[in-house]
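What follows is each chain in one-letter form.
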Amino acid sequence: VQLQASGGGLVQAGGSLRLSCATSGRTFSSYAMGWFRQAPGKEREFVAAISRNGGSTYYADSVKGRFTISRDNAQNTVYLQMNSLKPEDTAVYYCAAPNRLLGSNSYYTRRDQYDFWGQGTQVTVSS
């Protein structure tokens, strides 16, 4: 399973970015997906998750109301739309996929529940 994240960059506070994660190597629509981030000197933390059918999503409190996770199963891609960005959102963002199947509306939220990781894309928010 390969995951390729893209879309990061430098943006001013209050701005927006859209991250993409293209996947290959298995049936994308069969698995939930997630986004995590890691800031310098900090542990990797959960950001958002989406069920395999896209019908259920879950967000960390720190991004709720500002970020939106979505997926296009025809394109084997998961997205993270980030609005109203803050300097504290600065981090390397990683997409992740589990190796276990879940129900149609279920997802994982813990780092140890994910088995495959993209290479990460840097997001820097200036004040």
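Residues numbered from 1 in each chain as written. Predicted model: local features only at pLDDT ≥ 70, side-chain atom pairs only at ≥ 80, totals over all residues. Heavy atoms only, no water.

Peer 1: How should the overall build of the chain be read in this particular structure?
Peer 2: Scanning the chain from N- to C-terminus turns up zero helices and 11 strands. Scaling as 2.2 N^0.38, a compact globule of 127 residues should have a C-alpha radius of gyration of about 14 Å, and the chain matches this with 13 Å. Taking the principal axes of its C-alpha atoms as reference, the chain extends roughly 40 × 25 × 25 Å. Across the 127 residues that make up the chain, the buried fraction comes to 43%. Within the chain, contacts between residues at least 6 apart in sequence are counted, and of these 59% link residues at least 24 apart. Accessible area for the chain stands at about 6,200 Å²; split by element, carbon and sulfur atoms hold 42% of it. (Helix = DSSP H or I, 4+ residues; strand = E, 2+ residues; numbered from the N terminus. Rg over C-alpha atoms; globule rule 2.2 N^0.38 Å. Buried < 20%, exposed > 50% of the residue type's maximum accessible area, 1.4 Å probe, protein only. Contact = heavy atoms within 4.5 Å. Areas by Shrake-Rupley, 256 points an atom, 1.4 Å probe, with all protein chains shown as cover.)

Peer 1: Help me understand the packing of aromatic side chains in this model?
Peer 2: Two aromatic rings are characterised by how far apart their centres lie and by the angle between their planes. Under the definition given, this model contains seven aromatic pairs. Residues phenylalanine 36 and tryptophan 117 carry aromatic rings whose centres are separated by 5.0 Å and whose planes lie at 65° to one another, so their mutual orientation is edge-to-face. Of the two residues, phenylalanine 36 is situated in strand β4 (residues 33-38) and tryptophan 117 in strand β10 (residues 116-117); the sequence distance between them amounts to 81 residues. Classification of phenylalanine 36 by relative accessible area gives buried; the value is 1%. Both rings, one in tyrosine 58 and one in tyrosine 107, keep their centres 5.8 Å apart while their planes meet at 20°; by these two values the pair is stacked. Taken together, the residues tyrosine 58 in strand β6 (residues 57-59) and tyrosine 107 in the loop between β9 (91-97) and β10 connect sequence positions 49 residues apart. Owing to a relative accessible area of 27%, tyrosine 107 belongs among the partly exposed residues under this scheme. Put simply, the rings of Phe36, Phe46, Tyr58, Tyr107, Tyr108, Tyr114 and Trp117 touch in pairs and so form one group of aromatic residues. (Phe/Tyr/Trp six-rings, centres within 6.5 Å; stacked < 30°, edge-to-face > 60°.)

Peer 1: Explanation requested: the pairing of strand β7 (residues 67-72) in the structure shown.
Peer 2: Every regular strand shows the same layout, with side chains that alternate between the two sheet faces. Here β7 shows a clear split, with Phe67, Ile69 and Arg71 buried on one side and none of Thr68, Ser70 and Asp72 buried on the other. Looking at chain direction, β7 and strand β8 (residues 77-82) are connected through six bridges and run antiparallel. In the sheet register, aspartate 72 faces β8, and the bridge partner there is threonine 77. Between β7 and β8, which pair antiparallel in sequence order, lie four residues; one of them, asparagine 76, sits at a positive phi of approximately 55°. (Pairing = 2+ DSSP bridges.)

Peer 1: What exactly am I supposed to notice about the state of the cysteines here?
Peer 2: What we call a disulfide is simply a covalent bond connecting the sulfur atoms of a pair of cysteines. In total, this model carries one disulfide according to the counting rule given. Across the disulfide, cysteine 21 is cross-linked to cysteine 95 (sulfur-sulfur distance 2.1 Å). In this structure the cystine formed by cysteine 21 and cysteine 95 twists about its S-S bond by roughly 60°; its chirality is therefore right-handed. In this pair, cysteine 21 sits in strand β3 (residues 17-24) while cysteine 95 sits in strand β9, placing the two residues 74 residues apart along the sequence. Taken individually, cysteine 21 and cysteine 95 each receive the classification buried, so the pair is uniform in this respect. (Disulfide = S-S within 2.5 Å.)

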